[in-house]
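Fold and contact review
Given next are the chains, with one letter for each unit.
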Amino acid sequence: MRPVEVDLALVGYGGAAALVLAALTRAGVTDLRVAVIDPVPGVKPRTWAYWTGAVDDLDPVLDAQWSGVDLFGPSGRRQRIELSPLRYAMVRSEPVFRLAAEAAERLHARTVVANVERLADDGAGVDVIDEGGATVVRARWVLDSRPAKPVTPGRTFWLQHFRGWWVRSAEEIFDPASAVLMDFRTPQPARGVSFGYVLPTGPRTALIEYTEFSPNRLDDQGYDGALRAYMEQWGFANVIVDEVEDGAIPMTDARFDPRPSARVVRIGTAGGATRPSTGYTFSAMRRQATEIARLIKSGRDPVPAAAYPRRHLWMDAVALRAWDGGLVSAPEFFERLFLRNPPDRVLRFLDGRTSPAEELALMASTPLVPMSRAAANVGVSSLLRRL
């Protein structure tokens, strides 16, 4: 069979690719030949929570939103954090993929079911080659969202790994106006940090999740036991679990190559959208998608800018080194960050959108001596690598 010839090929159909398709429609792109290549096309069930401004393109499909959140420090103290002018929002993947499907239909995008083995870039275009050695798509540009190995090893490699339960109760036990962003009252692992959170979508329904930042995932018994203990802590008894979500996202200062060849651009986690110090990815994926669509609309190459400034990646490397080396307690770090800074500054920092002056204020609110030791460690390590 002759390969499908397109202008843009999306290799891997996860959230990053779905957001690109939706962004193309928002940007008014029409005359673009598009193909989506994935071994299992269709909706990938997932829930994304993120902070946003007063108006957002996803407002019509949000499951819930909150103007303030609660933070529980390791001592158990509850702190209400008002987010204005930002909001905390939650959206499930189904409506996001529905928007992507509508965009794909407008663009007459082709769906190719294939397990991509490699991408052969000859400078003028890219052959998308399946595991049988056949070229299934020939594209001018490829956006690749598949997991990728780092090009240089990191000093620290952790995971943001989690399991969440969508629960419902016969009684009104949840407060829809109050979301728990981080609850550090969970038992802490020997190496890493754990927290729970509660995102109500109504008085009887919520997503309750247990999350760890640590080097290794738990087994099913570990996640389920942690979730049961966390719900008992809240007194959430006799709830019914309707759905289960889990996953793992890399948290590392390893360097990934966002552009492995002239016409192949990585997006999503592979393209640097994951924040190393938190594992947060969704907001950066949206920024990448919006910029790619804008570039295509203006006739330019679909190569987005880096998701985070280099100085932010350096600060993330220092934080990871401080936590992994036991120099700083991660729960204490996050509690101080939120309590000693305006919330919008913290959230914009985690999105990579603060100024150097704001970042100095943020750093001053952390434990300075141990963080300085971690910074020196990172600096020495960087120097040795260059030598």
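Residues numbered from 1 in each chain as written. Predicted model: local features only at pLDDT ≥ 70, side-chain atom pairs only at ≥ 80, totals over all residues. Heavy atoms only, no water.

Description of the sheet that holds strand β3 (residues 47-52)
Taken in spatial order, the three strands of this open sheet run β3-β7-β4, and their pairing is antiparallel. In this open sheet, the two edge strands, each paired with only one partner strand, are β3 and β4 (64-66). Strand-to-strand twist in this sheet, taken as the mean axis angle between neighbours without regard to direction, amounts to 20 degrees. Note that β3 and strand β7 (residues 87-92) share six bridges and pair antiparallel. Considered in β7, the bridge of T52 is made with R87. (Pairing = 2+ DSSP bridges. Helix = DSSP H or I, 4+ residues; strand = E, 2+ residues; numbered from the N terminus. Axes fitted to C-alpha atoms, helices over the stretch in contact; angles between N-to-C directions.)

A few points about helix α1 (residues 15-26)
For α1, with twelve residues, the first-to-last C-alpha span of 16 Å sits near the 16 Å given by 1.5 Å per residue. With ten of twelve residues buried, α1 lies mostly within the body of the structure. For α1, the full list of buried residues reads G15, A16, A17, A18, L19, V20, L21, A22, A23 and L24. Buried residues along α1 sit in contact with β1 (4-11), β2 (34-38), β3, α2 (93-107), β11 (135-144) and α4 (282-297). A positive backbone phi angle near 80 degrees is found at G28, which sits one or two residues after α1. (Expected span 1.5 Å × (residues − 1). Buried < 20%, exposed > 50% of the residue type's maximum accessible area, 1.4 Å probe, protein only. Contact = heavy atoms within 4.5 Å.)

Some remarks on the packing of helix α7 (residues 343-350) against helix α8 (residues 356-364)
Viewed as axis vectors pointing N to C, α7 and α8 meet at an angle of 105 degrees, and their least axial separation amounts to 11 Å. If you check the angle between α7 and α8, you find them roughly perpendicular. Judged by residue contacts, R345, V346, R348 and F349 of α7 engage E358, E359, A361 and L362 from α8. Here the residues of the contact of α7 with α8 are counted per class, giving four nonpolar, no polar and four charged. (Parallel < 35°, antiparallel > 145°, perpendicular 65-115°, else oblique. Nonpolar A, V, L, I, M, F, W, Y, C, P; charged D, E, K, R; others polar.)

Overview of the nonpolar core
Across soluble globular proteins, nonpolar side chains show a tendency to be buried alongside one another. Judged by nonpolar contacts, the single largest core of 45 residues is most densely connected at Y88, L199 and W323. Broken down by element, the residue count for this core peaks at seven residues, all from helix α5 (residues 310-324). Setting aside chain neighbours within four positions, we find Y88 in contact with A49, Y50, W51, A64, Q65, W66, V69, L83, L181 and L199. Ranked by size, the runner-up nonpolar core spans 42 residues in total, among them L19, V61, W141 and F282. (Core = buried A, V, L, I, M, F, W, Y, C linked by side-chain atoms within 4.5 Å.)

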